[in-house]
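Geometric and topological summary
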Amino acid sequence: LPSSSRSLYSTFSSPFADSPSRPQDIDYPVPQEYLIHSYIRDKLAPIRLSKYNEDLLFYLYYTSGGDLLQLLAAHELYTRDWRYHKEEKIWITRAPNMRPTKVETTYEEGTYCYFDLGTWRKAHRDMKVEYDRLAERPSIPPAITSQQIVSSVSMSA
């Protein structure tokens, strides 16, 4: 086929990208009868991430990179006392029913529960957590409405 009629690398993002383009970032011609988002978005119930379990929140966080949904999932995880460790790139929280063994002004030590992305499960380990290595609470822009959340979720699905 001539190169002008077909792209051989439809998911190629750039030579500097770590991953291929996401399907929602690729411009494909879509038949008009499939474009129903504008018709149903006002009829969809608002998404309430506070009602979902942590497994779904981790799924939304890791599969919605750079999207509003990732920010909202991170915000909800933070609300549930999970903290993102910037250096280890993991979500951690204190292990249930356990107190830190040592607490200082800049760090604490103890048993923590962390989300292991490789095995997709929560695991425990003893660790020293320095507070300055934890990400701050993600801020949600005040202009974000529940309708925009519904639109974001339905568009990325």
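Residues numbered from 1 in each chain as written. Predicted model: local features only at pLDDT ≥ 70, side-chain atom pairs only at ≥ 80, totals over all residues. Heavy atoms only, no water.

As recorded in an unreviewed UniProt entry, the protein goes by NOT2/NOT3/NOT5 C-terminal domain-containing protein and comes from Amphimedon queenslandica.

A look at the overall build of the protein
Helix and strand counts for the protein come out as 4 helices and 5 strands. In sequence order, the secondary structure elements of the protein are arranged as α-α-α-β-β-β-β-β-α. Counting every position in the protein, which comprises 157 residues, the buried fraction comes to 25%. When contacts within the protein are restricted to residue pairs at least 6 apart in sequence, long-range pairs at least 24 apart make up 51% of them. Carbon together with sulfur atoms contributes 53% to the accessible area of the protein, which is approximately 11200 Å² in total. (Helix = DSSP H or I, 4+ residues; strand = E, 2+ residues; numbered from the N terminus. Buried < 20%, exposed > 50% of the residue type's maximum accessible area, 1.4 Å probe, protein only. Contact = heavy atoms within 4.5 Å. Areas by Shrake-Rupley, 256 points an atom, 1.4 Å probe, with all protein chains shown as cover.)

Regarding the pattern of salt bridges
Applying the stated criterion across every chain, the model contains 7 salt bridges. Residue Glu54 is joined to Lys122 by a salt bridge in which the shortest nitrogen-to-oxygen separation is 2.7 Å. Taken together, the positions of Glu54 in helix α2 (residues 54-63) and Lys122 in strand β5 (residues 121-130) put the pair 68 residues apart, joining distant regions of the chain. Looking at Glu54, the relative accessible area reads 18%, which means it is buried. Note on Lys122: relative accessible area 34%, which makes it partly exposed. Glu108 is the salt-bridge partner of Arg94, the closest N and O atoms lying 2.7 Å from each other. Of this pair, Arg94 sits in strand β2 (residues 90-94) while Glu108 sits in strand β4 (residues 107-116); the two residues are 14 residues apart in sequence, bridging distant segments of the chain. The class for Arg94 is partly exposed, based on a relative accessible area of 45%. Look at the salt bridges and you will find they share partners, linking Glu87, Glu130 and Arg133 into a network. (Salt bridge = Lys/Arg side-chain N within 4 Å of Asp/Glu carboxyl O.)

Comments concerning the side chain of Glu108
Since its relative accessible area comes to 4%, Glu108 is described here as buried. At 2.6 Å, the side chain of Glu108 and the side chain of Tyr112 are in polar contact. In contact with Glu108, other than residues within four places in its own chain, are Arg94, Pro100, Lys102, Val103, Met127, Lys128, Val129 and Tyr131. (Polar contact = N/O pair within 3.5 Å; in protein donor to acceptor, adjacent residues only side chain to side chain.)

So, the environment of Glu88
Turning to its location among the elements, Glu88 is positioned in the loop between β1 (83-85) and β2. Among the residues examined, Glu88 registers a relative accessible area of 37% and is labelled partly exposed. With 46 residues separating them in the primary sequence, Glu88 and Leu134 have C-alpha atoms 9.7 Å apart.

Here we look at the confidence of the model for the protein
With 76% of its residues at a pLDDT of 70 or more, the protein shows a mean pLDDT of 82. Looking at the elements of the protein, mean pLDDT is at its lowest for helix α4 (residues 146-156), recorded as 50, and at its highest for β1, recorded as 97. (pLDDT = per-residue confidence, 0-100.)

A look at the pairing of β5
Where β4 and β5 come together, 10 bridges link them in antiparallel fashion. Looking at β5, one finds that Gly110 is bridged to Met127. Between β4 and β5, which pair antiparallel in sequence order, lie 4 residues; one of them, Trp120, sits at a positive phi of approximately 55°. (Pairing = 2+ DSSP bridges.)

Looking at a nonpolar patch on the surface
Taken together, the side chains of Tyr52, Leu56, Tyr59, Leu117 and Trp120 present a nonpolar region at the surface, about 460 Å² in accessible area. Mapping Trp120 onto the fold places it in the loop between β4 and β5. (Patch = residues over 30% accessible without salt bridge, like charges linked within 9 Å, V, L, I, M, F, W, Y side chains within 5 Å.)

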